[in-house]
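One-letter residues, chain by chain:
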Amino acid sequence: MADMTSMAGGSDPTHSPSEIAAAWQRERPGTPTGSIEIVTPIWRLAKLFSDDRVRVLRAAGIDAATLDLLSVIRRSGPPYALSTRELTRRTLVTAGAISQRVARAEREGLVRRAPGTTGRRTVMVSLTDEGHSLIERSVDAVLGREAMLVSGLSDSERDLLAGLLEKLTADVGRRLTDSR
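Only a predicted model underlies this, so the values are computations on that prediction, with no experimental measurement involved.

Can you explain a nonpolar patch on the surface? Please cite residues and give values.
Together, Ile 38, Val 39, Ile 42, Leu 153, Leu 161, Leu 165, Leu 168, Val 172 and Leu 176 give the surface a local cluster of nonpolar side chains, amounting to about 670 Å² of exposed area. When contributions to the nonpolar patch are tallied by element, the ones reaching two or more residues are helix H3 (36–60) and helix H8 (155–178). When residues of the nonpolar patch are assigned to their parent elements, the largest contribution, five residues, is made by H8. Summarising the element assignment, Leu 165 is placed in helix H8.

Give me empty space enclosed by the protein: which residues, what numbers.
Per the stated rule, a full pass over the model turns up one cavity of 30 Å³ or more. If you add up the space inside the largest cavity, you get close to 40 Å³. Lining the largest cavity, in full, are Phe 49, Asp 52, Arg 53, Val 56, Val 142, Arg 145 and Glu 146. Elements that contribute at least two residues to the lining of the largest cavity include exactly H3 and helix H7 (129–149). Here the lining of the largest cavity takes four residues from H3, the largest share from any one element. Within the lining of the largest cavity, the residues separate by chemical class into three nonpolar, no polar and four charged.

Can you lay out the packing of helix H4 (residues 64–75) against H7 for me, pointing to particular residues and giving the numbers?
Interhelical geometry of H4 versus H7 gives an angle of 105 degrees and a closest axis separation of 10 Å. By the angle between their axes, H4 is roughly perpendicular relative to H7. In this structure, H4 uses Leu 67, Leu 70, Ser 71 and Arg 74 to contact H7, whose residues at the interface are Gly 131, His 132, Leu 134, Ile 135, Glu 136, Ser 138, Val 139 and Val 142. Tallied by class, residues from the contact of H4 with H7 come to six nonpolar, four polar and two charged.

Describe H7, naming the residues involved and giving the relevant values.
If you check H7, its first and last C-alpha atoms are 30 Å apart, about what 21 residues at 1.5 Å a residue would give, namely 30 Å. Of all the residues in H7, the buried ones are Gly 131, Leu 134, Ile 135, Ser 138 and Val 142. The arc enclosing the buried residues of H7, seen along the axis, measures out at 95 degrees, which places them on a common side. Away from the buried face of H7 by more than 90 degrees, exposed residues Asp 129 and Asp 140 are located. Summarising the contacts, the buried residues of H7 are in contact with H3, H4 and strand E3 (123–127).

Got a sec to walk through the side chain of Ser 83? Specific residues and values, please.
Relative to the assigned elements, Ser 83 resides in strand E1 (residues 81–83). Among the polar contacts listed, one links the side chain of Ser 83 to the backbone nitrogen of Glu 86, at a separation of 3.0 Å.

Quick one: what's the story with helix H6 (residues 95–107), residue by residue and with numbers?
The terminal C-alpha atoms of H6 lie 18 Å apart, and with 13 residues this matches the ideal 18 Å at 1.5 Å per residue to within 8%. Listed in full, the buried residues belonging to H6 are Ile 98, Arg 101, Val 102, Ala 103 and Ala 105. Those residues of H6 hidden inside the fold are in contact with H4, helix H5 (84–91), strand E2 (111–115) and E3.

Residues and numbers for the UniProt feature "domain: HTH marR-type" (unreviewed entry) in the protein, please.
Here the UniProt-annotated "domain: HTH marR-type" (unreviewed entry) positions come out as residues 35–170. Segment residues 35–170 splits into 70% helix and 10% strand. End C-alpha atoms: 16 Å apart.

Could you give an account of the layout of surface pockets, naming the residues involved and the relevant values?
When its volume is computed, the largest pocket comes out at roughly 380 Å³. Lining the largest pocket are 14 residues; nearest its centre among them are Ile 38, Ile 42, Leu 45, Leu 161 and Leu 165. Counting residues per element, the ones that place at least two in the lining of the largest pocket are H3 and H8. For the lining of the largest pocket, the leading source of residues is H3, giving seven residues. The class makeup of the residues in the lining of the largest pocket is twelve nonpolar, no polar and two charged.

Break down the environment of Arg 55 for me, citing the residues and quoting the values.
Residue placement: Arg 55 occurs in helix H3. Under the relative-accessibility criterion, Arg 55 is labelled partly exposed at 48%.

Quick notes on the rules
- Residues numbered from 1 in each chain as written.
- Predicted model: local features only at pLDDT ≥ 70, side-chain atom pairs only at ≥ 80, totals over all residues.
- Heavy atoms only, no water.
- Patch = residues over 30% accessible without salt bridge, like charges linked within 9 Å, V, L, I, M, F, W, Y side chains within 5 Å.
- Areas by Shrake-Rupley, 256 points an atom, 1.4 Å probe, with all protein chains shown as cover.
- Salt bridge = Lys/Arg side-chain N within 4 Å of Asp/Glu carboxyl O.
- Helix = DSSP H or I, 4+ residues; strand = E, 2+ residues; numbered from the N terminus.
- 1 Å grid on protein atoms, 1.4 Å probe; cavity = no way out; pocket = protein on both sides within 12 Å on 5 of 7 lines; lining within 4 Å.
- Points joined across faces, edges and corners; volume = space filled by probe spheres on them.
- Nonpolar A, V, L, I, M, F, W, Y, C, P; charged D, E, K, R; others polar.
- Axes fitted to C-alpha atoms, helices over the stretch in contact; angles between N-to-C directions.
- Parallel < 35°, antiparallel > 145°, perpendicular 65-115°, else oblique.
- Contact = heavy atoms within 4.5 Å.
- Expected span 1.5 Å × (residues − 1).
- Buried < 20%, exposed > 50% of the residue type's maximum accessible area, 1.4 Å probe, protein only.
- Arc of directions from axis to C-beta.
- Polar contact = N/O pair within 3.5 Å; in protein donor to acceptor, adjacent residues only side chain to side chain.
- UniProt positions renumbered as here; feature names shortened; annotations may be inferred.

Here's what the structure looks like:
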């Protein structure tokens, strides 16, 4: 990541993406620079949002992996329980990572494991009262902060940007999958 950001000039916020693209065109005419004005701001925003989220989560007393786990269970609705297989599918991490996250959250009293009813190997993970309380506070802190950070955009600008980002994410995902 750092190498690509440096190549695009992303590590120097004093240069705008258009200035970076122009500099590459001056120094290496014909270099494909059309992505710089899109990718560089995305890298910069990702870093800003990521660093801020770490601070917010630290203040809320939760880490990103635990937030992810508890959020997925909470969004599932009552009774706030999912199988470990479903957690793996919804979080896009490996079964091993889910197992570690669940074990740690269980030790911290945030979730409980119980045998599932659909098969001998099914394990259900549910929120404890403490886990439910922590995720409620954490989601309010994180989403409230992020709402404030994007409040400089009007509703229509947010809708437009969200649509474009969704389109770009899907297209890049397809292109990367097709190129493998």
